[in-house]
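One letter stands for each residue in the lines below.
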Amino acid sequence: MALPRFSYLVPKNLKEACLMLAEHKDKSRILAGGTDLLIKMKNRIVQPEYIIGISNIPDTDYIRVDREQLVIGANARLSAVAEHPRIQRYFPALAYAASVTATVQIRNMGTVVGNICNASPAADTATPLLVYDARVVIMHPEGERNLPLDEFFKGPGLTVLKSGEIVKELILPLTAGRSSSNYQKLSARGKVDIAAIGVSVCLLADENEIVTQARIAIGAVAPVPKRIGRVEKYLEGKGLTQASVKQAAQISMEESAPITDIRATALYRKKMVEVLTMRALSSSMEQIRTK
Ligand SMILES: Cc1cc2nc3c(=O)[nH]c(=O)nc-3n(C[C@H](O)[C@H](O)[C@H](O)COP(=O)(O)OP(=O)(O)OC[C@H]3O[C@@H](n4cnc5c(N)ncnc54)[C@H](O)[C@@H]3O)c2cc1C
């Protein structure tokens, strides 16, 4: 199907993009890699009159890692995040999630920020970013604000972004201490496909292998990707035994609220949340033991 007609605007910088968004309001959309937006336009799900192309704005595809944090710019491609050696080392769940998002061609076009702004409950990079406590830096014509990613999603396809606002970057603090993390994805066609279920885990443990901090997030099984506080509280202060992993997985399943759709039934999704949580926790604990 052909694209509907639109005017293509080319801002010189992100500030100008914000001004264009503020001027054209609901009639405009940002285009980064276009791998979500153009499909939606072809299918007439959205029909913006103005497309604001940001992919050629200089210095917006940065990935910076220092001793304290990782910063991912608005135009950093999924492939760049997947292949970045320091992301692979310090944020392995994110590197892995980016590496199993779609196909090579799409990873070379699509951005991590676009993956988040599209606000699909199944977005592959959402749950790893949630367990790494990512913050979203939002630019608007008067300045900037930032908030935890946890507060960014409002529903399927919906975010807190207001008219004139654009995501400038994502900031992830480096986790100090004995930590490990893991992303588990299940989809109908292996890695190429959108996730039917996604589970991310990030654990911190002391020298006795007692969990001092647990972060766990689930995707594609609720209206938004979300952290599961009940599991996190349950795990903290415990060793990871078969019994505690099983109980944590059971709570994960109880906290999911999936629907039946083209990718999987609600019943199957619920059961697989339990299975993927067990796999993610077991794998994370294994990594901690070998550190
Ligand atoms: C065949 C196919 C397979 C796919 N498989 C997967 C998969 O396995 N897993 C997965 O998670 N996704 C998948 N996707 C979806 C898509 O590729 C990703 O979500 C990608 O990361 C989107 O990034 P983009 O830069 O192309 O976003 P775009 O399409 O450019 O933008 C997406 C949305 O975000 C908004 N946006 C983009 N950047 C900003 C910004 N800086 N500030 C504010 N708003 C912004 C746009 O206006 C638009 O609404 C697939 C897509 C296709 C076509």
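Residue indices begin from 1 for each chain and proceed along its sequence in written order. Since the coordinates come from a predicted model, pLDDT governs what is reported: local features require at least 70, and pairs of side-chain atoms require 80 or more to be given and counted, while whole-chain, interface and lining totals use all residues.

Peer 1: How should the sheet that holds strand E12 (residues 197-205) be read in this particular structure?
Peer 2: Sheet strands line up and pair through hydrogen bonds in the backbone, either parallel or antiparallel. DSSP-based pairing: two strands are paired if at least 2 bridges between them are found. Comment: elements are numbered from the N terminus, with helices defined as DSSP H or I runs of at least four residues and strands as E runs of at least two. Here we have 4 strands laid out as an open sheet, ordered E11-E12-E13-E14, and antiparallel in their pairing. Edge positions in the open sheet fall to strand E11 (178-186) and strand E14 (226-227), since each of these has one partner strand only. Relative to E12, E11 runs antiparallel, the two being bridged by 9 bridges. The partner of Arg178 across the bridge, within E12, is Ala205.

Peer 1: Sorry, what's going on with the domain arrangement of the chain here?
Peer 2: A common measure of how large an interface is: the accessible area buried when the components associate. Segmentation of the chain into domains returns domain 1 (7-53), domain 2 (63-173) and domain 3 (178-289). Here domain 1 and domain 2 have C-alpha centroids that lie 19 Å from each other. Contacts between the two partners involve 14 residues from domain 1, matched on the other side by 17 residues from domain 2. Any residue that is not Ala, Val, Leu, Ile, Met, Phe, Trp, Tyr, Cys, Pro, Asp, Glu, Lys or Arg is counted as polar, Gly included; the first ten are nonpolar and the last four charged. Among the residues making up the side of domain 1 that touches domain 2, the classes are represented as 8 nonpolar, 3 polar and 3 charged. Note: domain ranges come from an automatic or database domain assignment. Contacts here follow a simple rule: the backbone-placed C-beta atoms of the two residues must lie within 7 Å.

Peer 1: In this structure, what is going on with the site of the ligand? I would like to understand it.
Peer 2: We count a residue as near a molecule or strand when its backbone-placed C-beta atom lies within 6 Å of that partner. Taken together, 30 residues sit near the ligand, with Gly33, Gly110, Gly114, Asn115 and Cys117 positioned nearest. Only strand E2 (28-31), helix H2 (37-42), helix H6 (104-109), helix H7 (112-117) and strand E10 (166-173) provide two or more residues apiece to the shell around the ligand. Looking at the shell around the ligand, the element that brings in the most residues is H7, giving 4 residues. Split into classes, the residues belonging to the shell around the ligand amount to 17 nonpolar, 9 polar and 4 charged. Taken domain by domain, the shell around the ligand gets at least three of its residues from each of domain 1 (7-53) and domain 2 (63-173).

Peer 1: Explain the sheet that holds strand E6 (residues 135-140) here, please?
Peer 2: Overall, antiparallel pairing links the 5 strands, which are arranged E4-E5-E10-E6-E7 in an open sheet. This sheet does not close on itself; its edge strands, each paired only once, are strand E4 (63-65) and strand E7 (143-148). For this sheet the average axis-to-axis angle between neighbouring strands, irrespective of direction, equals 20°. The pairing of E6 with E7 spans 6 bridges and is classified as antiparallel. Paired with Ile138 across the bridge in E7 is Arg145. Against the sheet, helix H1 (residues 14-24) engages E6 and E10, with an angle of about 130° to E10. For helices, the axis comes from a line fit to the C-alpha atoms of the stretch in contact; other axes are also lines fit to C-alpha atoms, and the angle between any two N-to-C directions lies between 0 and 180 degrees.

Peer 1: I keep staring at the pairing of strand E3 (residues 50-53) and nothing clicks. Help me out?
Peer 2: One ladder, built from 3 bridges, connects strand E1 (residues 7-9) with E3; its direction is parallel. Each bridged residue has a counterpart across the sheet, and for Tyr8 the counterpart in E3 is Ile51. As defined by bridge partners, E2 adjoins E3 across 4 bridges and the pair is classed as parallel. Bridging across to E3, Ser28 finds its partner in Tyr50. A clockwise course of the path from the first strand over the helix to the second, judged with the strands pointing away from the viewer, identifies a crossover as right-handed. The β-α-β motif built from E2, the intervening H2 and the parallel element E3 has right-handed crossover chirality.

Peer 1: Before we go on, may I ask you to explain the packing of helix H10 (residues 242-255) against helix H11 (residues 266-289) in this structure?
Peer 2: Two quantities define a packed helix pair, namely the angle between the axes and the distance from one axis to the other. Across the interface, H10 lies against H11 with an axial gap of 8 Å and an inter-helix angle of 140°. Taken together, the axis directions place H10 and H11 in an arrangement best described as oblique. With respect to the hand of their crossing, H10 and H11 are arranged in right-handed fashion. Where H10 approaches H11, its residues Val245, Lys246, Ala248, Ala249, Gln250, Ser252 and Met253 are matched on the opposing element by Lys270, Val273, Glu274, Thr277, Met278, Leu281 and Ser282. Each residue belonging to the contact of H10 with H11 can be placed in one class, and the counts come to 7 nonpolar, 4 polar and 3 charged. To sort the angles, those under 35 degrees are grouped as roughly parallel, those over 145 as roughly antiparallel, those from 65 to 115 as roughly perpendicular, and the leftovers as oblique. Each crossing gets its handedness from the near helix: less than a right angle anticlockwise from the far helix is left-handed, clockwise is right-handed.

Peer 1: What is the right way to read unusual backbone geometry from this model?
Peer 2: Negative phi is the rule for most residues except glycine; trans is the rule for most peptide bonds. Backbone geometry at Lys25 places phi at a positive 45°, although glycine is not the residue there. At Asp133, a residue that is not glycine, the phi angle is positive and equals roughly 60°. Looking at the element boundaries, Asp133 is found in the loop between helix H8 (126-131) and E6.

Peer 1: Looking at this model, I keep getting lost on the nonpolar core. Mind explaining?
Peer 2: Note that soluble globular proteins tend to have their nonpolar side chains buried in a common cluster. By convention the nonpolar core is taken to be a set of buried residues drawn from Ala, Val, Leu, Ile, Met, Phe, Trp, Tyr and Cys and joined through C-beta atoms within 7 Å. Residues are called buried when their C-beta atom has 20 or more other C-beta atoms within 10 Å, exposed when it has 12 or fewer, and partly exposed otherwise; all C-beta atoms are positioned from the backbone. Ranked by internal contacts, the top residues of the largest apolar core, which has 84 residues, are Ala17, Val81, Leu94, Val112, Leu129 and Ile197. Here Leu129 is in contact with Leu94, Ile116, Ala134, Leu149 and Leu170, once residues within four sequence places are set aside.

Peer 1: Is there a simple way to explain H10 in this structure?
Peer 2: Side chains of residues three or four places apart in an α-helix project in the same direction, reflecting 3.6 residues per turn. Here the expected length of a helix is defined as 1.5 Å per residue gap, with one fewer gap than residues. Between its first and last C-alpha, H10 extends 20 Å over 14 residues, near the 20 Å set by a 1.5 Å rise per residue. The elements touched by buried residues of H10 are strand E13 (211-219), helix H9 (229-235) and H11.

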